[in-house]
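Below, each chain spelled out in residue letters.
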Amino acid sequence: MAGVYIHIPFCRSKCFYCDFFSRPDSKNASSYTDALLGEWRMRRHELTEPVETIYIGGGTPSVLPHHLLEKLIGGLTADIDLTTIKEFTIEANPEDISADSLSVWKSLGITRVSIGIQSFSASELMAVGRRHSPESAIEALSALSQSGINYNADLIFGLPGQNLDTWKRNLNQLLDFKPPHFSAYLLSYEQGTRLYAMKEKGMVIEASDNLAIDMYRHLCTAARNHGYRHYEISNFSLPGKEAKHNSSYWNYTPYLGLGAAAHSFDGLVRRYNPPHISRYIKSVSTGIAPFETDEETVENRFNDYLI
């Protein structure tokens, strides 16, 4: 089996903690979509096994207009038979999820949605620059539940001002929806992000190690008590709902990454595209594959295998 990852680097605003490659606009969305399809045509030969998983990440892929998403998926399906795909995921923010958008995505062959909830507290969301409200998160989760589509929901713990009790309330509110899969991450202060600068200026205080440990212990216990399998450090699923695409990164499955800042692995060689949108578009438009090769030593490959 093999996987395809597609990076959409556009979002409506940059969250304070985000260190993924993304830009708070989508002015180049049309030419970028064309470049993605151009790169796919240039590099699809790198995958010698059938594609079984597709993951559209970002950024916020759900900001991509439906006609561009349809064009992108249509271009891929000219070479990939969607009937053999075991999982097709798109990342989305709550404000982009509705019964109508879910209907469109399902009609395009998407089988799974990964939604960024992060918190149900307005003050906690505001503290890290999230755009959506608790109410829109609840509405989005309700739409996902009613649609019957497979989905994952993300939460973050250790947010500024958060304590163990407020974390418990967030987790309980999510578990009330019984999502097929959820992920919970400890907030990290990555150098170069707005949140890191705020911490350095004393504007926010990082959660203590003891508090983070207490939150994680409660997370593990609550998930187990609700019937979830704790199959990765931050990932929990109901039986049989483990994420197929993300899990493949840990078992040496080949994958092709398309788009600016995307990474690829063919089983032997790791390649990566530089994180620059206009250079990416220009490179593909001139018929030059945009990747650079990350040379691996025997020691690096052995460590990868152990991981």
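Here's a quick rundown of the structure.

Calculation criteria
- Residues numbered from 1 in each chain as written.
- Predicted model: local features only at pLDDT ≥ 70, side-chain atom pairs only at ≥ 80, totals over all residues.
- Heavy atoms only, no water.
- Salt bridge = Lys/Arg side-chain N within 4 Å of Asp/Glu carboxyl O.
- Helix = DSSP H or I, 4+ residues; strand = E, 2+ residues; numbered from the N terminus.
- Buried < 20%, exposed > 50% of the residue type's maximum accessible area, 1.4 Å probe, protein only.
- Polar contact = N/O pair within 3.5 Å; in protein donor to acceptor, adjacent residues only side chain to side chain.
- Contact = heavy atoms within 4.5 Å.

## Structural notes on the pattern of salt bridges
Okay, so step 1: Inspection of every chain in the model, using the stated rule, returns 13 salt bridges.
Okay, so step 2: The salt bridge partner of R43 is E39, with a shortest N-O separation of 2.8 Å. Taken together, the residues R43 and E39, both in helix α1 (residues 29-43) and 4 residues apart, mark about one turn of the helix. Of the two residues examined, R43 and E39, each falls in the buried class.
Okay, so step 3: Here R271 makes a salt bridge to E46, at a shortest N to O gap of 3.7 Å. Placement of R271 in strand β11 (residues 270-272) and of E46 in the loop between α1 and β2 (51-58) is noted, with a sequence separation of 225 residues between them.
Okay, so step 4: Among the residues examined, R271 registers a relative accessible area of 16% and is labelled buried.
Okay, so step 5: What emerges from the salt-bridge pattern is a single network uniting E39, R43, E46, D266 and R271.

## Section: the side chain of N235
Okay, so step 1: Its place among the elements puts N235 in strand β8 (residues 235-237).
Okay, so step 2: Among the polar contacts made by the side chain of N235, one reaches the side chain of E232 at a distance of 2.7 Å.
Okay, so step 3: Beyond its immediate stretch of four places on either side in the chain, N235 contacts H181, F182, S183, Y185, R229 and H230.

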